[in-house]
Amino acid sequence: LTPEQRASLIVKWFHAYYDELLAPIAAAIRAAEQAQAERDAQTEWLKRQGKRLIGYGASGRSTTLMNFCGIDTRYLEFVVDDTPAKQGHYTPGTHVPIRPWAAAEEPPRPDHVLLFARSFLDEVLKRRADYLRQGGCFIVPLPRVRVLPE
């Protein structure tokens, strides 16, 4: 085959499979846009109710999620992290203050904690059992959104 014939075959193949290749990507983009719209609506509802929302866990995963989803100080007052070296700094890209858990215990206590450290879910729930007993709840965003206690 000549280079022109190969190019022609590639273009024909691409056109034949274009929808099949791009449909999942387009669906993912629509789902992400819908999730962001729902996040905005729910966050605004929480704010109108006078609810406080903070994050838990200033990790690389949380940074990725926060930047991808646009979660910043419009949504979170601060992020708590148990690592002293991170406290007093800000999350990269979104500039949310990182504070110790003691900041979450100051009145008024946060009503909801967005748990970025989902791989430590069981440990966090045990460590923060007092917060849960006092009516607080954790929002686990991935792999599907859950509010704990359920």
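Please read all numbers here as calculations on a predicted model, not as lab measurements. (Residues numbered from 1 in each chain as written. Predicted model: local features only at pLDDT ≥ 70, side-chain atom pairs only at ≥ 80, totals over all residues. Heavy atoms only, no water.)

K.L.:
Can you walk me through the environment of Gly57 in this structure?
P.N.:
The topology assignment puts Gly57 in the loop between β1 (53-56) and α2 (60-69). Judged by its relative accessible area of 7%, Gly57 falls in the buried class. Linking Gly57 and Lys86, residues 29 residues apart in sequence, is a C-alpha distance of 9.9 Å. Ignoring any residue separated from it by four or fewer positions in sequence, one finds Gly57 in contact with Ser62, Val79, Val80, Asp81, Phe116 and Ala117. (Helix = DSSP H or I, 4+ residues; strand = E, 2+ residues; numbered from the N terminus. Buried < 20%, exposed > 50% of the residue type's maximum accessible area, 1.4 Å probe, protein only. Contact = heavy atoms within 4.5 Å.)

K.L.:
Please explain the pairing of β1 as it appears in this structure.
P.N.:
Side chains Leu53 and Gly55 of β1 all project onto a buried face; the interleaved residues Ile54 and Tyr56 project onto the opposite face, where all are buried too. Judged from the 4 bridges that link them, β1 and strand β4 (residues 112-115) form a sheet pairing that is parallel. Its bridge partner being in β4, Leu53 is matched across the sheet by His112. In this sheet, strand β2 (residues 79-80) lies alongside β1 in parallel orientation, the contact comprising 2 bridges. By the bridge assignment, Tyr56 is partnered in β2 with Val80. The β-α-β motif built from β1, the intervening α2 and the parallel element β2 has right-handed crossover chirality. (Pairing = 2+ DSSP bridges. Right-handed = clockwise from strand over helix to strand, strands pointing away.)

K.L.:
What am I meant to see in the side chain of Asp81 here?
P.N.:
Along the chain, Asp81 turns up in the loop between β2 and β3 (98-99). In this structure the side chain of Asp81 is engaged in a polar contact, spanning 2.8 Å, whose partner is the backbone nitrogen of Thr83. When residues no more than four places from it in sequence are discounted, the contact partners of Asp81 are Gly57, Ala58, Lys86, Gln87, Ile98, Arg99 and Pro100. (Polar contact = N/O pair within 3.5 Å; in protein donor to acceptor, adjacent residues only side chain to side chain.)

K.L.:
In this structure, what is going on with the packing of aromatic side chains? I would like to understand it.
P.N.:
The relation between two aromatic rings is expressed through the spacing of the ring centres and the mutual angle of the planes. Using the criterion set out here, one finds 4 aromatic pairs in the structure. Their ring planes at 55° and their centres at 5.7 Å tell us that Tyr56 and Trp101 sit as a pair that is tilted. Taken together, the residues span a long stretch of sequence, with Tyr56 in strand β1 and Trp101 in the loop between β3 and β4 at a distance of 45 residues. Neither Tyr56 nor Trp101 differs from the other in exposure class; each is buried. Arranged with centres 5.5 Å apart and planes meeting at 70°, the rings of Tyr131 and Phe138 form a pair that is edge-to-face. One exposure class covers both Tyr131 and Phe138, and it is buried. Following the ring pairs from residue to residue traces out a cluster consisting of Tyr56, Trp101, Tyr131 and Phe138. The ring of Tyr75 carries the charged tip of Lys47 above its face, separated from the ring centre by 6.0 Å. Across the ring face of Phe78, the terminal group of Arg99 is positioned such that the distance to the ring centre comes to 4.8 Å. (Phe/Tyr/Trp six-rings, centres within 6.5 Å; stacked < 30°, edge-to-face > 60°. Lys NZ or Arg CZ within 6 Å of the ring centre and 35° of its normal.)

K.L.:
Before we go on, may I ask you to explain the pattern of salt bridges in this structure?
P.N.:
Any two side chains of opposite charge can pair, given that their charged atoms come close. Enumeration according to the criterion identifies 8 salt bridges in this entry. Linking Asp130 and Arg133 is a salt bridge whose minimum nitrogen-to-oxygen distance equals 2.3 Å. Of the two residues, Asp130 and Arg133 both sit in helix α4 (residues 129-133), 3 residues apart, roughly one turn of that helix. Of the residues examined, Asp130 reaches a relative accessible area of 48% and is grouped as partly exposed. Overall, Arg133 belongs to the exposed group, its relative accessible area being 63%. By sharing partners, the salt bridges in this structure join Asp82, Glu123, Arg127 and Arg128 into a single network. (Salt bridge = Lys/Arg side-chain N within 4 Å of Asp/Glu carboxyl O.)

Purely geometric numbers; function is a separate question.
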